Amino acid sequence: MRNCIAIARREILSFFVSPIAYFVITGFVVLSGYFFFNLIGFFNHMLLRSQAMPFLQQEGPSLNKWVVEGFYQTLVVVLVFLIPMLTMRTIAEEKRRGTFELLVTSPISVSDIVIGKYLGIAFVLFIMNTLVFGFPLLLVSLADVPVELAPIFTGYIGILLCSLAFASLSMAVSCFTENQIVAAVTGMVTLLLFYVIHSPAQTMEPGIAQSVLNYVSPVMQLRDPIRGVLTLQGGVYFASVIVVGIFLSQRALEMYRWR
Amino acid sequence: MIRVQHLSKTYGEFVAVSDVSFSADKGEIVGFLGPNGAGKTTTIRMLSTYMPPTSGTAEIAGFDIVTQSEAVRRSIGYLPENPPLYGEMRVVEYLQFVGTIKGVASKRLPEAVERVLEQCGLTDVRRKLCGHLSRGYRQRVGLAQAIIHNPSVVILDEPTSGLDPKQIIQIRQLIASLAEGRTVMLSTHILPEVTMVCSKVVIVNKGRTVLEEQLSALPAGRSLEEIFIECVSRSAADTGHVAV
């Protein structure tokens, strides 16, 4: 445990001394802000249209449905591309500096190394997500139209869990390579495939295959949190993905220990 | 202490180390010599448990490098050819980090850090970033991280490479002071270093040991250079040790 914390602290220091964390966090906040801005603009347009046509007898557009949900769904796509930027240095940087040999020849387990590094990445993700959480929160105080608070919070938790799951998979991929570019690109491709894993299910016959694809899809699992419902099933799902990613990372590093 | 018996390492067809055997006791400083490509770094990497041997055994401080690798890692201090520093950490922070991962208890860590800072002449640069240090100081920090957990065996891979003459003398003095109560293995190209610092010499050539001898037992009339040249000019077909 002590070794994990030491490695996590070192990782966090390294992230914030290099430009990477700043660029990734800033990029994420800027992109999210732009998407949020567009969603608000679109919502205003929809609101004006519905007010201009009162004879249609329908409820005005819901701020939650059109802005908050759309915002969280877009964030997931952005994360698919940004998270590999954080995880690509996992092994590559240590090898370049010669410190990988230091870690592997110390009396610490491979789990300590993997979990320590993961905790460092998780910390950066926590900061990233908490910063953009401010955007939907703004709606609570500034919107003229009623907005539900619960989905904003549950959506935040869902996105946070999804980021952690993506990070563990992306870290697993980068543990297999010593090249940062290969790690980043393969990480992105892996996360993108994971993101669209449910698409064949939409045209399938209802059955086991369709259920499995829907279960393993992060997009499908995020539907509930984004709409305001946190389920145990969702929590177990994201926790399982995190565990799988960490397990694969450990196996990859074990290869280095006993080549 | 170090006991190496018939260690070998092959990568597919390529034989990096074919048969290395030697031993070193407490208090000895062993000079590990050989031409480039002889298999010195590969042997050292096996002893530090960075990679497993293809065959053969070795014991470090009484622990087997394959079956008891964690105990070996606790007992060993290792300085690779390039000191494994994190450039963005200050010297003190770096040593605290290495002390932690090498198993120094948290109560004893501050005292251990102070001890090695003093021993390696790093007190003036304790707050400097590792990335801003000169080559000589980097080597010293590398040495400090190798001894912070008070290991019984210290392995140094070319510790004076790239240093100026004054720094070389200082590092050699440091290495000589390390030997008290420890076994030190020093891999180097610099023959005078071995004569000045070491008590025993092991020469490897083309992946096998060709000489293992106490320095005092070497014939007085012949220099180490002559013996070294003779050892390494033998062909690979020769087996066994060189008679001196």
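What comes next is a walk through the structure.

Here is what the cut-offs are and how they apply
- Residues numbered from 1 in each chain as written.
- Chains lettered and ligands numbered in written order.
- Predicted model: local features only at pLDDT ≥ 70, side-chain atom pairs only at ≥ 80, totals over all residues.
- Helix = DSSP H or I, 4+ residues; strand = E, 2+ residues; numbered from the N terminus.
- Contact = placed C-beta atoms within 7 Å.
- Buried ≥ 20, exposed ≤ 12 C-beta atoms within 10 Å, placed from the backbone.
- Nonpolar A, V, L, I, M, F, W, Y, C, P; charged D, E, K, R; others polar.
- Axes fitted to C-alpha atoms, helices over the stretch in contact; angles between N-to-C directions.
- Parallel < 35°, antiparallel > 145°, perpendicular 65-115°, else oblique.
- Left-handed = near helix turned anticlockwise from the far one by under 90°.
- Arc of directions from axis to C-beta.
- Core = buried A, V, L, I, M, F, W, Y, C linked by C-beta atoms within 7 Å.
- Pairing = 2+ DSSP bridges.

### Topic: the overall build of chain B
When its secondary structure is counted, chain B shows 8 helices and 10 strands. Counting only C-alpha atoms and orienting by the principal axes, one finds that chain B spans roughly 55 × 40 × 30 Å. Counting only contacts in chain B whose residues sit at least 6 apart along the sequence, the fraction spanning at least 24 positions is 67%.

### Re the overall build of chain A
Each helix and strand counted, chain A has 11 helices and 0 strands in total. Going residue by residue from the N terminus, the α and β elements of chain A occur as α-α-α-α-α-α-α-α-α-α-α. If you line up chain A on its principal axes, its C-alpha atoms span 75 × 45 × 30 Å. When each of the 259 residues of chain A is scored for burial, the buried share is 39%. Intrachain contacts of chain A at a sequence separation of at least 6 include 80% that bridge at least 24 residues.

### Let's talk about the interface of chain B and chain A
Opposite the 20 residues of chain B that make contact, chain A presents 19 residues. Looking at the side of chain B that touches chain A, the elements that each hand over two or more residues are α2 (69–75) and α3 (91–101) of chain B. Grouping the amino acids of the side of chain B that touches chain A by side-chain chemistry returns 10 nonpolar, 5 polar and 5 charged.

### A word on the packing of helix α7 (residues 150–174) of chain A against helix α8 (residues 180–195) of chain A
All names here are of chain A. Relative orientation of the contacting elements α7 and α8 amounts to 140 degrees, with a least axis distance of 9 Å. On the basis of their axis angle, the class for α7 and α8 is oblique. Between α7 and α8 the crossing geometry is right-handed. Across the interface between the two elements, Phe166, Leu169, Ser170, Val173 and Ser174 of α7 pack against Ala183, Thr186, Gly187, Thr190, Leu191 and Phe194 of α8. Its residues placed into classes, the contact of α7 with α8 shows 6 nonpolar, 5 polar and no charged.

### Focus on helix α8 (residues 224–232) of chain B
Residues and elements named next belong to chain B. Those residues of α8 that sit buried are Ile227, Phe228 and Cys231. Buried residues along α8 cover an arc of 100 degrees about the axis, so they all sit on one side. The outward face of α8, more than 90 degrees from its buried face, is lined by the exposed residues Glu225, Glu226 and Ile229.

### Some details on the nonpolar core
The nonpolar side chains of a soluble globular protein tend to be buried with one another. Counting residues in hydrophobic clusters, the biggest one holds 133 residues, and the most contacted among them are Ala144 and Leu186 of chain B. Per-element accounting of this core gives the leading share, 13 residues, to α7 of chain A. The residues touching Ala144 of chain B, leaving out its near neighbours within four places in the chain, are Leu95, Val116, Leu117, Cys120 and Leu122 of chain B.

### What to know about unusual backbone geometry
Residue and element names in this part refer to chain B. Positioned with a positive phi, Ala61 is a non-glycine residue whose angle comes to about 50 degrees. Within the secondary structure, Ala61 is located in the loop between β4 (55–60) and β5 (63–64). The exposure class assigned to Ala61 is partly exposed, which follows from the 19 C-beta atoms found within 10 Å. Phi is positive for Glu158, which is not a glycine, with a value near 50 degrees. Its location among the elements puts Glu158 in the loop between β7 (153–157) and α6 (165–178).

### Comments concerning α3 of chain B
An α-helix turns once per 3.6 residues; consequently, residues spaced three or four apart project the same way. All names here are of chain B. Most of α3 is tucked away: 8 of the 11 residues are buried. Among all positions of α3, only Val91, Tyr94, Leu95, Gln96, Val98, Gly99, Thr100 and Ile101 are buried. Positive phi appears at Gly103, one or two residues downstream of α3, with a value of about 95 degrees.

### Things to note about the packing of helix α6 (residues 110–142) of chain A against α7 of chain A
All names here are of chain A. Running from amino to carboxyl end, α6 crosses α7 at an angle of 150 degrees, the nearest separation of the two axes being 9 Å. The orientation of α6 relative to α7 falls into the category roughly antiparallel. Here α6 runs over α7; the crossing is right-handed. Of α7, the residues touching α6 (which contributes Lys117, Tyr118, Ile121, Ala122, Leu125, Phe126, Asn129, Phe133, Pro136 and Leu137) are Ile152, Tyr156, Ile159, Leu160, Ser163, Leu164, Ala167, Ser168 and Met171. Taken together, the residues of the contact of α6 with α7 sort by class into 15 nonpolar, 3 polar and 1 charged.

### Things to note about the pairing of strand β10 (residues 208–214) of chain B
All names here are of chain B. With 6 bridges connecting them, strand β9 (residues 200–205) and β10 associate as antiparallel partners. Each residue of the ladder has a partner; that of Ile203, found in β10, is Leu211. Count of turn residues in the β9/β10 antiparallel hairpin: 2 residues, of which Lys206 carries a positive phi of about 50 degrees.

### Topic: the environment of Ile91 of chain A
The topology assignment puts Ile91 of chain A in helix α4 (residues 89–97). Leaving out residues up to four positions away in the same chain, Ile91 of chain A has contacts with Phe100, Ser174, Cys175 and Glu178 of chain A.

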